[in-house]
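# Structural overview
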Amino acid sequence: MKTKSKGKSSPKAKASTAIVARPMTRKESIHIQRPHNYVPAIHEQQRTQVGIAPRYEVLHQIDAPLSATQHVEMRTSAVDRAKGFLIASTPLYAAFGVGAVLVGVLFFQVPFWSFWAFSIFWLSFVLAWLWGYWQTLEKSAEGIAHYEARRKWDVIAEEQRRRWEYYDRQMEDRE
């Protein structure tokens, strides 16, 4: 449906004369009955609008070995772990001890340079250190091995207790 215009053509005129393809509505498609193997002509194919394909995340996996690889192997001992514990925990527990002394000085009128202040510092430091040591020991390699061994001995002790109960019941039944 082209129309002729007189004189110079404007962009509006060009836009109005262009053939615009639009999808058929349901009402229009009902009236046209086409067989299953119908292939539209080229000029009909050109009029249909092509939608933009959705973007998908594509993961490419390259199955080639890396040019450089690394292997980290840690070799440590109980001495290394103990030194690490001391380096990490001593300043924390000293700060806890100083905080306990400050609480004693500010709230309980304990003289700062006195035996009682030193005792508060030392006891709070030692108790905090023991608590931290116990927590670390429970979660260290030695602590886990100790826990595992203790649980296995608990299983053996329970088995032995049940066996003796069974033997005692058998002896009672015989009497």
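Refer to the structure printed above.
Structural notes, computed from the coordinates.

## Here we look at the overall build of the protein chain
- Looking only at helices and strands, the protein chain features six helices and zero strands.
- Secondary structure elements of the protein chain, listed N to C terminal, follow the sequence α-α-α-α-α-α.
- Counting all 175 residues of the protein chain, 10% fall into the buried class.
- The long-range share in the protein chain, meaning contacts at least 24 apart out of those at least 6 apart in sequence, stands at 52%.
- Here the protein chain has roughly 17200 Å² of accessible surface; of this, 63% comes from carbon and sulfur atoms.

## Looking at the environment of Ser-89
- In this fold, Ser-89 is placed in helix α4 (residues 78-108).
- Exposure remark for Ser-89: the relative accessible area of 5% places this residue in the buried category.
- For the pair Ser-89 and Ala-128, spaced 39 residues apart in the sequence, the C-alpha separation amounts to 9.6 Å.

## Section: the pattern of salt bridges
- Under the counting rule described, the total for this entry stands at nine salt bridges.
- When the shortest N-O distance is used, the salt bridge between Glu-158 and Arg-162 registers 3.0 Å. One end of the pair is Glu-158 and the other is Arg-162, both in helix α6 (residues 141-174) and four residues apart, which spans about a single turn.
- Residue Arg-162 is classed as exposed on the basis of its relative accessible area, which comes to 53%.
- We note a salt bridge from Glu-159 to Arg-163, for which the minimum N-O separation is 2.8 Å. Within this pair, Glu-159 and its partner Arg-163 are both found in helix α6, separated by four residues, close to a single helical turn.
- A cluster of three or more residues bridged by salt bridges with shared partners is formed by Glu-158, Arg-161, Arg-162 and Glu-165.

## Considerations on the packing of helix α5 (residues 115-139) against α6
- Closest axis-to-axis distance for the α5/α6 pair is 4 Å, and the angle between their directions is 70°. In terms of their interaxial angle, α5 and α6 are classed as roughly perpendicular. Listed contacts from α6 to Leu-137, Glu-138 and Lys-139 of α5 are Ala-141, Gly-143 and Ile-144.
- By residue class, the composition of the contact of α5 with α6 is three nonpolar, one polar and two charged.

Cut-offs and rules
Residues numbered from 1 in each chain as written. Predicted model: local features only at pLDDT ≥ 70, side-chain atom pairs only at ≥ 80, totals over all residues. Heavy atoms only, no water. Helix = DSSP H or I, 4+ residues; strand = E, 2+ residues; numbered from the N terminus. Buried < 20%, exposed > 50% of the residue type's maximum accessible area, 1.4 Å probe, protein only. Contact = heavy atoms within 4.5 Å. Areas by Shrake-Rupley, 256 points an atom, 1.4 Å probe, with all protein chains shown as cover. Salt bridge = Lys/Arg side-chain N within 4 Å of Asp/Glu carboxyl O. Axes fitted to C-alpha atoms, helices over the stretch in contact; angles between N-to-C directions. Parallel < 35°, antiparallel > 145°, perpendicular 65-115°, else oblique. Nonpolar A, V, L, I, M, F, W, Y, C, P; charged D, E, K, R; others polar.

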